[in-house]
Amino acid sequence: MRLTPSRSAATELCRNGRVVLNDGVAKASSAVKVGDRISSRIANRERIIEVSQLIFKRVGAPVAVTCYIDHSPPPETRDPSDVVLLRDRGAGRPTKSDRRKIDRLRGRSQ
């Protein structure tokens, strides 16, 4: 599981003060040690990470995942009734078949 899409995105989060390291605002250059807790709100989800192993050079995502413990709360589940149905602009009115599919999605099937 990736925390941010890129290193530059992680740096930007730090620069904006949205990353907390052990109850203090973290900078991109902050040194971490085993046992440190890092928390941030990434993509509308609260992430809480505990460092379990230090990495001294760049590694791939499968290796990096083994170096922290994720204490984040589970992601919020979406209610199926909150689904927003969008149609392409200029697609016209839905056909009878489309209308039946829309009704089935909304739970109005007979």
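Just so it is clear, the structure is predicted and the values come from calculations on it, not from any experiment.

(A) Structural view of a positive patch on the surface. A grouping of Lys96, Arg100, Lys101 and Arg104 is seen on the molecular surface, where their side chains present a positively charged patch. Topologically, arginine 100 is positioned in helix α3 (residues 96-105).

(B) Geometry of the side chain of aspartate 36. Note on placement: aspartate 36 falls in the loop between β2 (24-25) and β3 (37-42). Judged by relative accessible area, aspartate 36 falls into the buried class, the value being 5%. A polar contact of 2.8 Å, which involves the side chain of aspartate 36, links it to the side chain of asparagine 22. Discounting residues that sit within four places of it in the chain, aspartate 36 has contacts with Leu21, Asn22, Ala31, Ile49, Glu50 and Val51.

(C) Spotlight on unusual backbone geometry. Positive phi values are uncommon outside glycine, yet asparagine 22 reaches one of about 50°. Relative to the assigned elements, asparagine 22 resides in the loop between β1 (19-21) and β2. Although it is not a glycine, aspartate 23 sits at a positive phi angle of roughly 65°. Looking at where aspartate 23 falls in the secondary structure, it is placed in the loop between β1 and β2. Owing to a relative accessible area of 81%, aspartate 23 belongs among the exposed residues under this scheme.

Conventions and cut-offs
Residues numbered from 1 in each chain as written. Predicted model: local features only at pLDDT ≥ 70, side-chain atom pairs only at ≥ 80, totals over all residues. Heavy atoms only, no water. Patch = residues over 30% accessible without salt bridge, like charges linked within 9 Å, V, L, I, M, F, W, Y side chains within 5 Å. Areas by Shrake-Rupley, 256 points an atom, 1.4 Å probe, with all protein chains shown as cover. Salt bridge = Lys/Arg side-chain N within 4 Å of Asp/Glu carboxyl O. Lys, Arg positive; Asp, Glu negative; His and termini not counted. Charge placed at Lys NZ, Arg CZ, Asp CG, Glu CD. Helix = DSSP H or I, 4+ residues; strand = E, 2+ residues; numbered from the N terminus. Buried < 20%, exposed > 50% of the residue type's maximum accessible area, 1.4 Å probe, protein only. Polar contact = N/O pair within 3.5 Å; in protein donor to acceptor, adjacent residues only side chain to side chain. Contact = heavy atoms within 4.5 Å.

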